[in-house]
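Chain by chain, the residues:
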Amino acid sequence: MLRDNMTSIVQKIARQALVTFRNPSSFGDKAFLGNQCKLQSLMTEIRAADLKIPPRKVDSASTPLPHNPPVTYMHICETDEFSMGVFLLKSGASIPLHDHPGMYGMLKVMYGKVRITCFDRLDKSSSVASDTQFNPPLLPFQRGALRRSILGSVGEFTEESGPCILTPDRNNLHQIDAVDGPTAFLDILAPPYDPDDGRDCHYYKVLQSAPDSEDKKADGQKEVWLMEVSQPSEFWCGGEPYPGPEVKI
């Protein structure tokens, strides 16, 4: 029993995540990138059966709210260096556009299909010009919540896809939508969220420029304005037990 646990693919992923992220001063150097590549390879191999999570059928809407959250989370493990768990999205559910301040991450679909829309923050010191117009118009106090960004990528991922990778600078802001039915993905974040250490989750919405505003490009990519907002009322995340192999760090 112990041998099966210690050799499970999820145990190997957890150990490699620890090796990859345990030394923040090395982030970005050759050794870190090599370890990140090993972690990516392990994440590519894992399947829902390895976590004992059977694909779910189209969800029934018979359970009344708030006992039927659109998204649930299975906690697997967490250390000071990283957290790992599984998000399960009901058919048509979304994890709204949000960020991961100063964090790395990998997302690997276990079953179903997700669409991931990624944005990259531009210069944090940038401020919106006073003559920039939006539709609908913004109130004066809302301009301080704007973040200049670029649309990085939009892609669909299935269990046959490799992991989606985020860094502090690339794909760090993203929205995840379930496509054509329920879906689940394994998620690693490093380091974990910690509001006391400046790593709190913030939510955003994409603003529409007024029709007469000129669309700008940054290195050939479309520049957009995001506005920080409160957590959307239609989104909340419940919890459920993780049924897979135990992970020991």
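Our subject is the structure that appears above.
None of these values were measured; they are calculated from a predicted model.

1. Considering helix H3 (residues 30-45)
Consideration 1: Helix length check: H3, at 16 residues, gives a terminal C-alpha distance of 23 Å against a target of 22 Å (1.5 Å per residue), a fit within 8%.
Consideration 2: Within H3, burial applies to Phe32, Asn35, Gln36, Leu39, Leu42 and Met43. Take H3 and look down its axis: the buried residues cluster within an arc of 120 degrees, on one side only. Exposed and facing more than 90 degrees away from the buried side of H3 are Lys30, Lys38 and Glu45.
Consideration 3: Against the buried residues of H3 lie helix H2 (9-21), strand S4 (104-121), strand S6 (164-166) and strand S7 (173-190).
Consideration 4: A side-chain oxygen of the first residue of H3 lies 3.2 Å from the backbone nitrogen of Ala31; this N-cap is Asp29.

2. Brief notes about unusual backbone geometry
Consideration 1: A cis amide bond links Ala190 to the next residue, Pro191, at an omega of -15 degrees.
Consideration 2: Of note, Pro191 is situated in the loop between S7 and strand S8 (203-206).
Consideration 3: Its identity is not glycine, yet Asn171 carries a phi of approximately 60 degrees, on the positive side.
Consideration 4: Mapped onto the elements of the fold, Asn171 is located in the loop between S6 and S7.
Consideration 5: Positive phi values are uncommon outside glycine, yet Asp180 reaches one of about 60 degrees.
Consideration 6: For Asp180, the location among the structural elements is in strand S7.

3. Structural notes on the pattern of salt bridges
Consideration 1: What the rule picks out here adds up to 8 salt bridges.
Consideration 2: Taking the shortest distance from any N to any O, the salt bridge between Glu160 and Arg47 comes out at 3.9 Å. With Glu160 in the loop between strand S5 (146-158) and S6 and Arg47 in the loop between H3 and strand S1 (71-78), the pair connects residues that are 113 residues apart, well separated along the chain.
Consideration 3: Relative accessible area serves as the criterion here: at 62%, Glu160 is assigned to the exposed category.
Consideration 4: One salt bridge in this structure joins Arg147 and Glu228, with 3.0 Å as the shortest N-O distance. Residue Arg147 is located in strand S5, and its partner Glu228 is located in strand S10 (residues 221-229); the two are separated by 81 residues in the primary sequence.
Consideration 5: You can call Arg147 buried: its relative accessible area is 18%.

4. Description of the packing of aromatic side chains
Consideration 1: According to the stated counting rule, one finds 9 aromatic pairs in the structure shown.
Consideration 2: Note on Phe27 and Tyr104: the rings are 5.1 Å apart at their centroids and 80 degrees apart in plane angle, and the pair reads as edge-to-face. Here Phe27, found in the loop between H2 and H3, pairs with Tyr104, found in strand S4; they are 77 residues apart in sequence, far enough to count as distant.
Consideration 3: For Phe27, a relative accessible area of 23% translates into the label partly exposed.
Consideration 4: Given the relative accessible area of 11%, Tyr104 is considered buried.
Consideration 5: Aromatic rings pair up to connect Phe21, Phe27, Phe32 and Tyr104 into one cluster.

About the criteria used
Residues numbered from 1 in each chain as written. Predicted model: local features only at pLDDT ≥ 70, side-chain atom pairs only at ≥ 80, totals over all residues. Heavy atoms only, no water. Helix = DSSP H or I, 4+ residues; strand = E, 2+ residues; numbered from the N terminus. Expected span 1.5 Å × (residues − 1). Buried < 20%, exposed > 50% of the residue type's maximum accessible area, 1.4 Å probe, protein only. Arc of directions from axis to C-beta. Contact = heavy atoms within 4.5 Å. Polar contact = N/O pair within 3.5 Å; in protein donor to acceptor, adjacent residues only side chain to side chain. Salt bridge = Lys/Arg side-chain N within 4 Å of Asp/Glu carboxyl O. Phe/Tyr/Trp six-rings, centres within 6.5 Å; stacked < 30°, edge-to-face > 60°.

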